[in-house]
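Summary of the model geometry
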Amino acid sequence: MAMASHVHTCCCFFFFTVAVLSIFAAAPSMSQPQTADSCNGIFLSYAYTGGGRLPPNISDPAQQPYRFESRLTVLNNGLEELKSWRVFVGFQHNEWLVSASNAVLADGTSIPGAVGNGTVFAGSTVTDLKTAAATAGDLSQMQVRVELLGTLFGVAPPNVPLPSNISLANDGFVCGQPTRQGNNETHVCCTSDPNFKTNFASDEEFLPRQNGDLTIMYDVIKAYDSNYWAEVTMANHNPLGRLDNWRLSWDWDNDEFIHTMKGAYPSVVDSSDCVFGSQGTFYKELDFSNVLNCEKRPTIIDLPPTRFNDSVLGKIPFCCRNGTILPPSMDPSKSVSRFQLQVFKMPPNLNRSHLIPPHNWEIRGATLNPDYQCGTPIRVSPSESPDQTGLPSNISAIASWQVVCNITKAKSESPKCCVSFSAYYNESVIPCNTCACGCPRNPERTCSAAAPAMWLPPEALLVPFENRSKMAVDWASLKHLQVPNPMPCGDNCGVSINWHVYTDYRKGWTARITIFNWGETEFADWFAAVQLDKAAEGFEEMYSFNASTLGSINNTIFMQGNPGLNFLVAEKNGSNPRRDPRVPGKQQSVISFTKKVTPGINVAGGDGFPSKVFFNGEECSLPSVHPSSGLRKEFSLATTAFLILLSIILMWQ
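Residues numbered from 1 in each chain as written. Predicted model: local features only at pLDDT ≥ 70, side-chain atom pairs only at ≥ 80, totals over all residues. Heavy atoms only, no water.

**As for the overall build of the protein chain**
This is how it is decided: We count a stretch as a helix when DSSP gives it H or I for four or more residues in a row; a strand needs E for two or more, and each element gets its number in order from the N terminus. Summary of the burial criterion: residues with accessible area below 20% of their type's maximum are buried, those above 50% are exposed, and those between are partly exposed, where the area comes from a 1.4 Å probe applied to protein chains only. Contacts were defined at the residue level, with two residues in contact if any of their heavy atoms lie within 4.5 Å.
Broken down by element type, the protein chain carries eight helices and 38 strands. Classification of the 653 residues of the protein chain by burial places 47% in the buried group. A sequence separation of at least 24 residues applies to 69% of the contacts in the protein chain between residues at least 6 apart.

Here it is, written out as structure tokens:
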């Protein structure tokens, strides 16, 4: 009896142990790689599917090109719908992406394009991934596969070029370390971050609208089986952002074409791609002579003000301003631009509810405008607008997408304007930096791109750079300054700004700002801004310009011309073109400050000079040094008289 009891106890313990081990074996371990079935979140997988050597044959193995094919998979195994999925892929072999199915680059960059530093993909045809519970496990609604094709360098078979990392780029998720499966695949599981807080409810149908320097709304306002009308609204939200002669581009993904527009126009009117393409075959009865544009990537431009009341092309609020979008701090009514377009669709999208916005948005302005980088369109709640008939009601769009664009600057890009410094306590002007706005292709033949700019007499600011050489050499001889050999290159800037510390006394100080236009472009409704880290709080008044401090940007003073002074003319010939140098367009004003709220400010020590200067939204190049009061020399009567005369001349011109 005792033996039977002992055997029974051992058997029970054995089966209990096996059961416990089975449970532990079935439970996914954080230290073990997770599979798609064991991931209770968003499962990401990147698999290399093939490739091969490409010509030409390069002697340096690191530069040899190879074709690669791969597949990115995004699977929603979580409890909540994943809206507007975005995945980062850490490419690391100088990859050049040729095509990507079901996806676009989230930063708005077009494909083909370089992605060697890693990139973020966003959904194009499938943007939202539903849950298994909501679809009874339908993978076509839970999952998206992106087939990638491109070129990489330096990884020869049988080596496999996998990315350094893959992760979900949507807010509110935490991803573990990617795990390799075999030698050709890496995957990771991303789960909701319990510490992430948002005002967005997971059961809401649309994502919330985002903030950005510039937002673009793509609102479908009328929909039919074969075509729809969309209204595009661009709104500037940056107090220093600006666009002149804007040019808006995007990519159609499904052979759409533009039939009609109001408030704007294609830069190229051409229907030949439709006539000889699939559109002409399908729409046999359509008169394509009335079609405006059939390009895969059209470019849209604004209309002139004379077209605003045109019954065919105009009569759209906020249209027809020659492509000018001003900062809201300057004029809120001119910080928006709008137009409408009629878009024809192609099979299989001939359903009035099947609406797909264009992708790869890009907006550019004139030379002296900041650069913008636009994201992918995000589906948001339908926009509402007041009833144009005057009824006290709002009209809702059928569907709305938002594109967010932010000001960006490439590291290799040169500024487009520059600043010179001068002061009452030093006779020399510190000019704009050498090659401040770029260097000539072969500067060593004519000038030095590395030599520092030579200090100048004040009168040299009034003449073009090519007429300053003798003045600079004479000034260097007079002031015992070095003359580089070869001479430094010019600043090559179309706009330069002189900041002159004018006076400094016990209770306050003043400065004079002069804006020079050396280019052929005239600037209407120009603006400038200066950032004074320690002095802006003491701003009192500007006399010829309208100026105020910007609450949204610390220590920054925003200025624009008063009526009659808000137009900066282009450079023009001198009174005698054969003898006199060309004359820049210019505007000038004195600005005053109090020391009451800035005790201890050292104006001559550098506090009286701006740390940043902007013109029409573009940040200008600044000198690396300030005029020194330690090298101060007494003014001659001639120099004093010239500065007074310069102010009088600029006031009367």
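**Focus: the nonpolar core**
Rule in force here: Nonpolar core, defined: a set of buried Ala, Val, Leu, Ile, Met, Phe, Trp, Tyr and Cys residues in which side-chain atoms within 4.5 Å join the residues together.
Grouped together as the largest cluster of nonpolar side chains are 38 residues, with contacts concentrated most on Ile497, Trp499, Ile515, Ile557, Met559 and Phe615. Core analysis: the second largest hydrophobic core is formed by 32 residues, Trp246, Leu292, Leu341 and Ala399 among them.

**Digging into helix α6 (residues 469–479)**
Applicable threshold: Note that the arc is computed from the directions linking the helix axis to the C-beta atoms.
Buried within α6 are the following residues: Ala472, Trp475, Ala476 and Lys479. All buried residues of α6 fall inside an arc of 100° around its axis, so they share one side. Residues of α6 that are exposed and point more than 90 degrees away from the buried face comprise Lys470, Ser477 and Leu478. Contact partners of the buried residues in α6: β27 (426–430). At the C-terminal side of α6, His480 shows a positive phi close to 60°.

**A short note on the sheet that holds strand β15 (residues 247–251)**
Keep this limit in mind: Only strands that DSSP links by at least two bridges are regarded as paired with each other. Between N-to-C directions, angles span 0 to 180 degrees; the directions come from axes that are lines fitted to C-alpha atoms, helices contributing only their stretch in contact.
Strand order in the open sheet formed by four strands is β17-β18-β15-β20, with antiparallel pairing between adjacent strands. At either margin of the open sheet sits one strand with a lone partner, and together these are β17 (264–266) and β20 (359–364). Within the sheet, the average angular offset between the axes of one strand and its neighbour, ignoring direction, is 25°.

**Details of the side chain of Asn170**
Applied cut-off: By the criterion applied in these results, polar contacts are pairs of N or O atoms within 3.5 Å in which, for protein atoms, one can donate a hydrogen and the other can accept it, and in which residues neighboring in sequence qualify only through two side-chain atoms.
Inspection of the secondary structure puts Asn170 in the loop between β9 (166–168) and β10 (173–175). Classification of Asn170 as buried rests on a relative accessible area of 12%. Engagement of the side chain of Asn170 in a polar contact is seen with the backbone oxygen of Lys83, the distance being 3.2 Å. Polar side-chain contacts of Asn170 include one of 3.0 Å to the backbone oxygen of Ser84.

**Concerning the state of the cysteines**
Chemically, a disulfide is nothing more than a covalent bond linking the sulfur atoms of two cysteines. Here is the rule: In this description, a disulfide is simply a cysteine sulfur pair whose atoms lie within 2.5 Å.
Taken as a whole and assessed by the stated rule, the structure comprises nine disulfides. Paired through a disulfide, Cys39 and Cys189 show a sulfur-sulfur distance of 2.0 Å. On the sign convention where negative is left-handed, the bridge of Cys39 and Cys189, at about 80° about the S-S bond, is right-handed. With a gap of 150 residues between them, Cys39 in the loop between α1 (2–26) and β1 (42–53) and Cys189 in strand β12 (residues 185–192) connect regions that are remote in the sequence.

**Things to note about the environment of Ala264**
Among the structural elements, Ala264 can be located in strand β17. Residue classification places Ala264 among the buried positions, given a relative accessible area of 0%. On a C-alpha basis, the gap between Ala264 and Arg321 in space is 9.8 Å, while along the polypeptide they are 57 residues apart.

**Focus on the side chain of Asn498**
Mapped onto the elements, Asn498 comes out in strand β28 (residues 495–504). Polar side-chain contacts of Asn498 include one of 3.0 Å to the side chain of Ser420. Looking at Asn498, its side chain comes within polar contact range of the side chain of Ser422, at 3.3 Å. Leave out the neighbours within four places in its chain, and Asn498 touches Ser420, Phe421, Ser422, Val429, Leu461, Arg512, Ile513, Thr514 and Phe516.

**Observations concerning the pattern of salt bridges**
Condition: When a carboxyl oxygen of Asp or Glu is within 4 Å of a side-chain nitrogen of Lys or Arg, the pair counts as a salt bridge.
One pass over the structure, following the stated rule, counts 15 salt bridges. Across the pair Glu81 and Lys83 runs a salt bridge, and its minimum N-O distance is 3.5 Å. The buried category is assigned to Lys83, whose relative accessible area is 9%. Asp244 is the partner of Arg242 in a salt bridge, and the nearest nitrogen-oxygen pair spans 2.8 Å. When sorted by exposure, Arg242 lands in the same class as Asp244, which is buried. Sharing partners across several salt bridges, the network here consists of Glu81, Lys83 and Lys130.

**Some remarks on the environment of Ser393**
Looking at the element boundaries, Ser393 is found in the loop between β23 (384–386) and β24 (394–396). Leave out the neighbours within four places in its chain, and Ser393 touches Ser385, Pro386 and Asp387.

**A look at the packing of aromatic side chains**
How we decide: Pairing of aromatic side chains requires ring centres within 6.5 Å, counting the rings of Phe and Tyr and the six-membered ring of Trp. Pairs whose planes differ by under 30 degrees are stacked, by over 60 edge-to-face, and all others tilted.
Under the criterion given, the structure shown has 21 aromatic pairs. For the ring pair Phe421 and Phe609, a centre distance of 4.9 Å and an interplane angle of 55° mean the geometry is tilted. Taken as a pair, Phe421 in strand β26 (residues 417–423) and Phe609 in the loop between α7 (603–607) and β37 (612–615) lie far apart in primary sequence, 188 residues in all. What makes Phe421 buried here is its relative accessible area of 1%.

**Examining the confidence of the model for the protein chain**
Selection rule: For every residue, the predictor assigns a confidence score, pLDDT, that lies between 0 and 100.
Across the protein chain, the average pLDDT comes to 87, with 88% of residues at 70 or higher. Confidence drops under pLDDT 50 across residues 1–33; counting only partners more than four residues distant or on other chains, this segment forms four contacts. Contacts for the low-pLDDT stretch residues 631–640, under 50 throughout, to residues beyond four places or in other chains number 14 contacts.

**Things to note about the pairing of strand β16 (residues 257–262)**
Note on strand geometry: in a regular strand, side chains alternate between the two faces of the sheet. A large share of β16 lies buried, amounting to five of its six residues. Sheet topology places β16 next to strand β19 (residues 336–344); five bridges connect them, and they run antiparallel. Bridge pairing in β19 links Met261 to Leu341.

**Observations regarding the sheet that holds strand β3 (residues 86–89)**
Read across the sheet, four strands follow the order β5-β7-β3-β9 without closing on themselves; strand pairing throughout is antiparallel. In this open sheet, the two strands that pair with only one neighbour each are β5 (103–105) and β9. When strand polarity is set aside, the average angle formed by the axes of neighbouring strands in this sheet is 30°.

**Details of the pairing of strand β8 (residues 143–153)**
Sheet topology note: the strand β2 (residues 65–76)/β8 ladder contains eleven bridges and is antiparallel. Paired with Thr73 across the strands is Arg145, a residue of β8.

**Observations regarding the environment of Pro112**
For Pro112, the location among the structural elements is in the loop between β5 and β6 (113–114). Once the C-alpha coordinates of Pro112 and Trp96 are considered, the two residues, 16 residues apart in sequence, prove to be 7.1 Å apart.

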